[in-house]
Amino acid sequence: MPLLTLRADQMVSSTVFVSSKNTNFRPLRSPERKPGRGVSGRFYQYVTKCAVQPTRMDPRSGIRTLEFTLPAGAAALLPQKATGITELPIRSYTEGCIRLRLRCSRRPKRETYVRDSDWAISDTTWPGEMYTFFNETAIELPRKQHFRHDRPAELTDLAVEGPNVVKISLPDNKCNLSEDSTFFLAVEVVLTASRSFLENGVRAARHTTAEETKKKIARRLTSTSPDDDVVAADTTLSISLADPFSATMVEVPVRGVDCEHMECFDLGNWLASRPSKKSGGGEPSLADCWKCPICGRDARPHRLHIDDFLVEVRAELLADGKQRTKRIQVAADGSWVPVAEPEDSDDEGDAPPPSGPAQESSRVSSRSVPPAAAVIEILDDD
Ligand SMILES: [Zn+2]
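Described below are features of the structure shown in this document. Fair warning: this is a prediction, and the values are worked out from it, not measured in the lab.

**Overview of the overall build of the chain**
Along its length, the chain carries eight helices and 22 strands. Residue pairs in contact within the chain that sit at least 24 positions apart in sequence constitute 76% of those at least 6 positions apart. On the chain, roughly 18,300 Å² of surface is accessible, and the fraction owed to carbon and sulfur atoms is 50%.

**Focus on the pairing of strand S8 (residues 98-108)**
A regular strand places its side chains on the two faces of the sheet in alternate fashion. Taken across its eleven residues, S8 has nine buried, putting it largely inside the fold. For S8 and strand S11 (residues 153-154), the ladder comprises two bridges, and the chain directions are antiparallel. When the bridges of S11 are listed, Leu 102 appears paired with Ala 153.

**Digging into the pairing of strand S16 (residues 253-256)**
Burial along S16 is two-sided: the face carrying Pro 253 and Arg 255 and the face carrying Val 254 and Gly 256 are both buried. As paired strands, S16 and strand S17 (residues 265-266) are joined by two bridges and run antiparallel to one another. When the sheet's bridge partners are listed, Val 254 is paired in S17 with Phe 265. Two elements, S16 and strand S19 (residues 304-306), share three bridges in a ladder whose sense is antiparallel. Bridging across to S19, Arg 255 finds its partner in His 305.

Calculation notes
Residues numbered from 1 in each chain as written. Predicted model: local features only at pLDDT ≥ 70, side-chain atom pairs only at ≥ 80, totals over all residues. Heavy atoms only, no water. Helix = DSSP H or I, 4+ residues; strand = E, 2+ residues; numbered from the N terminus. Contact = heavy atoms within 4.5 Å. Areas by Shrake-Rupley, 256 points an atom, 1.4 Å probe, with all protein chains shown as cover. Buried < 20%, exposed > 50% of the residue type's maximum accessible area, 1.4 Å probe, protein only. Pairing = 2+ DSSP bridges.

Take a look at the structure:
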């Protein structure tokens with residue numbers, strides 16, 4: 001799969017504990033990002049892996065250290081500094097460039113390990129008191145008092161080829177202690193990639209085969225436990241084909257690897273609707289905007305699978321001229337029939353396009369969301 005061929009995958013991560021000495025202090029702000037030379041079209045950011053896996057850090061006295069090695073190939077993917085007059089530093093991006101950031105999340109105390117897909121959707125929460133150094137430079141943690149919510153700390157500009165060291169003091173002060181929760185920290189690798197790169201990657205990745213989906217449907221129909229995502233109707237399941245953003249039939253049906261629902265969303269609309277930071281044109285998408293629009297689980301580009309059963313359903317419906325179909329009834333043997341839709345009212349054409357995930361009970365529109373109109377810009381985000 002192309003997403004796995006980037007040199008960033010040469011990253012080696014490890015965790016060791018050494019002593020520390022305090023030196024400089026430097027606030028690190030998320031830079032303004034501009035397209036590099038030869039870059040055109042929309043780009044996207046997402047956490048592709050961790051240089052240091054989520055590591056449990058219970059508050060206690062002493063210095064703890066997270067180390068990782070940045071090979072020459074990965075160091076070459078760090079974004080270049082660009083010139084310009086702005087309050088924020090400017091970094092130009094190109095296909096496949098990476099950022100590094102430190103993130104902390106509060107997790108249940110019983111956890112000793114956090115799965116990658118759980119980490120990806122966990123909120124950033126800094127302890128009340130924590131002191132952090134990266135390669136001997138003190139880092140100011142971006143806290144909600146200044147950024148509306150706690151944000152990851154940018155490490156990119158201080159990263160070097162070879163060994164890199166994060167030193168942390170997380171004392172067992174009252175403000176850091178909790179009866180039922182503790183902290184995990186990780187160094188994340190954020191990849192910047194074009195739309196075509198992501199679409200090609202999803203298409204080339206493993207699909208959910210038609211046979212797998214049919215087996216899942218059969219299990220649902222024979223299961224006695226209730227399921228929130230599908231409605232059992234006698235011996236068939238009712239499955240929506242409508243994309244949650246456009247309310248029209250999905251073109252490229254995808255869902256996250258961890259998603260348990262049968263419904264899919266459309267790959268193109270999913271990418272088009274990812275928000276960007278509002279600090280100028282050309283910003284790639286935010287890095288943390290990849291929760292499934294249906295269930296909220298991890299739906300980053302490299303965690304998406306195309307459902308070949310729904311691809312086949314769509315092809316048959318289009319061949320029969322039934323492109324407005326929103327729902328099908330599927331039997332345990334995988335056979336299916338379209339559910340007839342009520343005729344649209346005459347004034348549907350005057351309705352504005354939806355700006356976010358359509359609700360099941362909302363009015364159905366026959367139009368797709370124009371990609372440009374679906375981009376939401378957010379001020380002061382990552
Ligand atoms: Zn989902």
